[in-house]
Every structure is written in C-alpha cells, then in structure tokens.
There are 2 protein chains.
Amino acid sequence: MARTRGSVGAETEKAIRKAAVELIAKHGFEAMTLRDLAEHVGLQPGSIYRYIATKDQLLVDIMAEHMETLIAAWRAADRPDADPRLRLEGFVDFHIRYHFQRQKEVVIANLELRSLTPDARRACVGLRKTYEGELRGILEAGITQGFFSPTDSGIATNAIISMLTGVCFWYSPKGKLSADDIIAIHKRLVLGGLSGTPRGEAKIIPLAAGRN
Amino acid sequence: MARTRGSVGAETEKAIRKAAVELIAKHGFEAMTLRDLAEHVGLQPGSIYRYIATKDQLLVDIMAEHMETLIAAWRAADRPDADPRLRLEGFVDFHIRYHFQRQKEVVIANLELRSLTPDARRACVGLRKTYEGELRGILEAGITQGFFSPTDSGIATNAIISMLTGVCFWYSPKGKLSADDIIAIHKRLVLGGLSGTPRGEAKIIPLAAGRN
DNA sequence: CGATTAAACAAACAAGCGTTTGTTTCTAAA
DNA sequence: TTTAGAAACAAACGCTTGTTTGTTTAATCG
C-alpha cells in the first residue's frame, strides 16, 4: 500500500486539524501522541509530516488561527460608535455564541499556552491581549460616559473574560437551558455587576427598550 | 553514595510535593518528568518511588488533598445562618484570598482534571461540585429571601466560580492593586450582578453598613 | 557495640515518543 | 500513454519515559 485511492491532500489536512483539535482538547497537547492522531485520521505516523512541520508547530497553528479568527469575527460584529451598554451586551452575546461553536479550540487556547515555546506563547498572549483590549475599550467608554460605575477596567476585563470563557468548560448543549438562556443570564450578571451600586445607594439602569 | 547525611523521610516527602506542585503548575502534569522532579529535590529518579506509588497517584494526592482542604477551610469560615449577602461577600473574600495563597494548587486543580484516570477524575469532580454547592446554597437562600433577583442558581454558580477562580491565573502580587483591592472589585461585580436589575427598573441595594 | 531499618544510589528495563528516510502507489498533465 | 508529482506506507532512528531491582550508606535502638 502507498497512496490510497481517492485521497486528496487538502482534505487530509483538514482531517488532521480536526482530529488534532479533538484529541488535544480531550487529553491535552502533551498527552496526544502523533501515533494516536495518525490512527484517528487513518494514516501512518510518518505520513502526518507531509502536513505539519512539527508537533509543536501544529499547536501553534491551531491556537494562532483560532485567536485571529476570533478577533476578526468580533471586529466585524462590533459597532464601535454605539452605546457602550449595547456594545457590552453585544460582546457578551458574541463571545458566548462564538465560543459555543468552537468549544474545543477555546479549551485549547486557554489550557495549552504553557505547552508553547516562549516565542509562540508571547505571540498568542499578544493576540489574547488584543481581544481583551476590545472589551476593555468598551468598559472604559462606558465608565467615561457615566454608564458604568468607575472601577479598574483591567481587572474588570479579566474578571468578565474569565466568567464568559468559563462557560465553554461546563456548558453542554444537552442541558436544560438553551444558549439564549445562558447568554441572557450572563448579560444580566455583567451589566448588573458594572453598574455596581455603591453600598446603600439607589441605582437606575435606563436602557433603550426593544432590543433583545 | 547512598543515604545522604541528615536526610529525613518526612522532609523529603514534603520537598517532593512542593517541587511537584511547582513543576506541574508551570509545565503541566504530562510535561513534568520524574527525572526533572527528582533533580529539583536532589534525588535520583528511582528514589522518588519511596514516596509515591506512581506518577498518576502523585497527581491524585495533590488534587484531592487540595480540594478537601479548601472545602474544610470554607466551612470553618462560613456562617450558615447569616444574611446571604454577607455570606456571599464572605465567600468572595474567602475564595480569592485562599486561592491567592495556593495559586499553584488551584491552577493544577483546574487544568489537570483530564490527566486523571476516570475514577480519580470522578472523585475530584465530586469534590469540586461539593464546593460549588456551598456557593449555590448561598445564592438560593438569597433568592428565596428576596435579596438576589431570581435566576438559575446553577448557571450563576458556575459563572461566579469561573470569574473568581480566573483571578488565580492572571493575578500577580507585583501588580499595582493589592489583594484587598481585587477582592473589593469582585465583591461589587458579584453582588451587583446578582441584584441584576431587569431593564429600566430602579434598584436599591440596602445592606447593613459598617462591615468591611 | 551490633543489628536493624530508613533513605538513598546506580543501573538498567521495556515501552513509547517525535521524527526521518526510502519506497510504493495513485493521480493528472503532456 | 508516458511521466512528473502528490499522497501515502513501512521501517527504523535515537532518545526519553515511568518504573524496577539490587546495593550502599546513614541513623536508630536494644
């Protein structure tokens, strides 16, 4: 046996990527064997090297591509001139929805940073900071415009990202709540938290009705 | 050479544990070599087996002990009959403070679940659920008593735990903000989020002044 | 002091790892 | 129909891994 009938490189490459994402998300990068990966794709171990440079590079590719796609998708969805409260709701919606449909990539991007070489890690951390910077911008705009109560925007950004990303780790589509339900709950948690009323004061959150 | 002068088993065991926690937190369980671990403790690889049954068991011990200590510490700090809002503040305070001083164990407990054998994983997940159940109980009490706006307590529990635990991954004592600052910010985020005002309504958070 | 046990070493083990090399088979353009 | 290149195999490479075994030295206790 050698070349299998009907095999096409582009398809094999995608199959490798998909299987790799699955295996890394399930067992971790270090625990995934190239032999294991090859078997899942129906190849011999050595054949993988027609499609990857090295095992490390495979991880880098997966992570970097995911982060770049994520950032681009958000920027296409955002309306930078809109009301910060609406933008924030949009961010929560986008983040959770996007992360639901790429749950495995998200798990990898969040757990496997330490498996990267220092250079690659720096690059991926940079991309992550870029994405977080988008949320931070919204928070700062909202604070400046008086919609959110003043707080350290960096800390708040981290806290919110942690909360929203955490969803990927425990959410199951088989649960009783739909994605929409979960998004709604998180919108309330986030927006409520930011308008965090200093102890004992009254608080009003006026927001144009009629939009989801 | 054989037995080194002044060596005591109990101390060696602690040194192994400490080094293991450090290495696993930094590089991941699979990436940590027993040879690497041995070197950090100043032993030969084989000598480690006087103190551990197997590499897997070492991880199980670290994780289980951490979770059990965490639960016990919280139960000692909680006042189950107090106002749910105070208990919630107490939980935020406890969780962050405790996790700050055990940052590495927390990282392990959250990242290495998948490196456990199915049995061990079930056990650790059970312990985690027990801990989360404590927070959930507070939320439900608060909702029942009308202090928190009704929501799915399970989802809210997960969201809050994600947010609070996330701190361990990005917090650095060298930052400009103290632990107290960060705790205060998170208290606001959590309590504010739970009193999440339905759109456009007014909201009051009366809480006994004078405490922290 | 002498015997026993605790604590470590030294050396190897089989298995598995990522990766390379050379070859074989299929596909497609000439 | 011949031929160049694409896609895979088969087999091995050197190395590292977790772990075991037998031995040696230090401490302890009667």
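Residues numbered from 1 in each chain as written. Chains lettered and ligands numbered in written order. Predicted model: local features only at pLDDT ≥ 70, side-chain atom pairs only at ≥ 80, totals over all residues. Heavy atoms only, no water.

Caption draft 1: Structural view of the overall build of chain A. For chain A, the count of helices and strands is eight helices and one strand. Ordering the α and β elements of chain A from the N terminus gives α-α-α-α-α-α-α-α-β. Dimensions along the principal axes, computed over C-alpha positions, put chain A at roughly 75 × 40 × 30 Å. Counting over 212 residues, chain A shows a buried share of 47%. If you take every contact in chain A between residues at least 6 apart in sequence, the share linking residues at least 24 apart comes to 70%. Summed over all atoms, the accessible surface of chain A reaches about 10,800 Å², with 52% contributed by carbon and sulfur. Positive and negative side-chain charges of chain A, numbering 29 and 25 respectively, have mean locations separated by a distance of 3 Å. (Helix = DSSP H or I, 4+ residues; strand = E, 2+ residues; numbered from the N terminus. Buried < 20%, exposed > 50% of the residue type's maximum accessible area, 1.4 Å probe, protein only. Contact = heavy atoms within 4.5 Å. Areas by Shrake-Rupley, 256 points an atom, 1.4 Å probe, with all protein chains shown as cover. Lys, Arg positive; Asp, Glu negative; His and termini not counted. Charge placed at Lys NZ, Arg CZ, Asp CG, Glu CD.)

Caption draft 2: Quick look at the domain arrangement of chain A. Residue and element names in this part refer to chain A. As assigned here, chain A comprises domain 1 (8-52) and domain 2 (55-194). For domain 1 and domain 2, the distance between their C-alpha centroids amounts to 28 Å. Listed as interface residues are 13 residues of domain 1 and, on the opposing side, 13 residues of domain 2. Roughly 1,300 Å² of surface becomes buried between domain 1 and domain 2 when both sides are summed, with 71% attributable to carbon and sulfur atoms. Looking only at domain 1, the three residues that lose the most surface to domain 2 are R17, V21 and F29, adding up to 48% of its buried area. At the surface where domain 1 touches domain 2, the tally comes to two salt bridges. Measuring nitrogen to oxygen at the nearest pair gives 2.8 Å for the salt bridge that ties E65 to R17. Counting across the domain 1 and domain 2 interface gives four residue pairs in polar contact (both at pLDDT 80 or more). Of all the secondary structure elements, the ones that give two or more residues to the side of domain 1 that touches domain 2 are α1 (9-27) and α2 (34-41). Ranked by residue count, the leading element in the side of domain 1 that touches domain 2 is α1, at six residues. Counted by class, the side of domain 1 that touches domain 2 contains nine nonpolar, one polar and three charged residues. (Domains from an automatic or database assignment. Buried area = accessible area lost by both parts, 1.4 Å probe. Salt bridge = Lys/Arg side-chain N within 4 Å of Asp/Glu carboxyl O. Polar contact = N/O pair within 3.5 Å; in protein donor to acceptor, adjacent residues only side chain to side chain. Nonpolar A, V, L, I, M, F, W, Y, C, P; charged D, E, K, R; others polar.)

Caption draft 3: Local environment of empty space enclosed by the protein. Residue and element names in this part refer to chain A. Inspection of every chain in the model, using the stated rule, returns eight cavities of 30 Å³ or more. Counted as a void, the largest cavity has a volume near 120 Å³. Surrounding the largest cavity, 13 residues form its lining, L70, H99, N110, R128 and T165 being those nearest its centre. At the level of elements, α3 (55-77), α4 (84-100), α5 (103-111), α6 (118-144) and α7 (153-170) are the ones that each hand at least two residues to the lining of the largest cavity. (1 Å grid on protein atoms, 1.4 Å probe; cavity = no way out; pocket = protein on both sides within 12 Å on 5 of 7 lines; lining within 4 Å. Points joined across faces, edges and corners; volume = space filled by probe spheres on them.)

Caption draft 4: Fine view of the side chain of A:H99. Among the secondary structure elements, A:H99 is positioned in helix α4. Among residues more than four places away in sequence, those in contact with A:H99 are A:L70, A:F94, A:V106, A:Y131, A:T165 and A:C168.

Caption draft 5: Spatial organisation of the packing of helix α1 (residues 9-27) of chain B against helix α3 (residues 55-77) of chain B. All names here are of chain B. Remark: α1 packs on α3, axes separated minimally by 11 Å, with the N-to-C direction vectors making an angle of 90°. Taken as axis vectors, α1 and α3 run roughly perpendicular relative to one another. In this structure, α1 uses R17, A20, V21 and I24 to contact α3, whose residues at the interface are L58, L59, D61, I62 and E65. (Axes fitted to C-alpha atoms, helices over the stretch in contact; angles between N-to-C directions. Parallel < 35°, antiparallel > 145°, perpendicular 65-115°, else oblique.)

Caption draft 6: The protein's contact with DNA strand D, seen in detail. Taken together, 27 residues surround DNA strand D, and among them A:Y51, B:A2, B:G6, B:Y49 and B:T54 come closest. Backbone polar atom of B:L34 to a phosphate oxygen of DNA strand D: 2.9 Å apart, as the coordinates give it. Elements that contribute at least two residues to the surface near DNA strand D include exactly α1 of chain A together with α2 (34-41) of chain B. (Near = heavy atom within 4 Å.)

Caption draft 7: View of the nonpolar core. Judged by nonpolar contacts, the single largest core of 68 residues is most densely connected at A:L88, A:Y131, A:L194 and B:L88. Ignoring sequence-local partners within four residues, the contact set of B:L88 consists of B:L135, B:I138, B:L139, B:F148, B:V190, B:L191 and B:L194. (Core = buried A, V, L, I, M, F, W, Y, C linked by side-chain atoms within 4.5 Å.)

Caption draft 8: Spotlight on the protein's contact with DNA strand C. Taken together, 27 residues are adjacent to DNA strand C, and A:A2, A:Y49, A:T54, B:Q44 and B:Y51 come closest. Per the 4 Å cut-off to the protein, sugar and phosphate atoms form 66% of the nearby atoms of DNA strand C. In the model, a phosphate oxygen of DNA strand C is placed 2.9 Å from a nitrogen or oxygen of the A:K55 main chain. Separating a phosphate oxygen of DNA strand C from a side-chain N or O atom of B:Y51 is a distance of 2.3 Å. Elements with a minimum of two residues in the surface near DNA strand C: α2 of chain A together with α1 of chain B. Here the surface near DNA strand C is built from residues that sort into nine nonpolar, eleven polar and seven charged.

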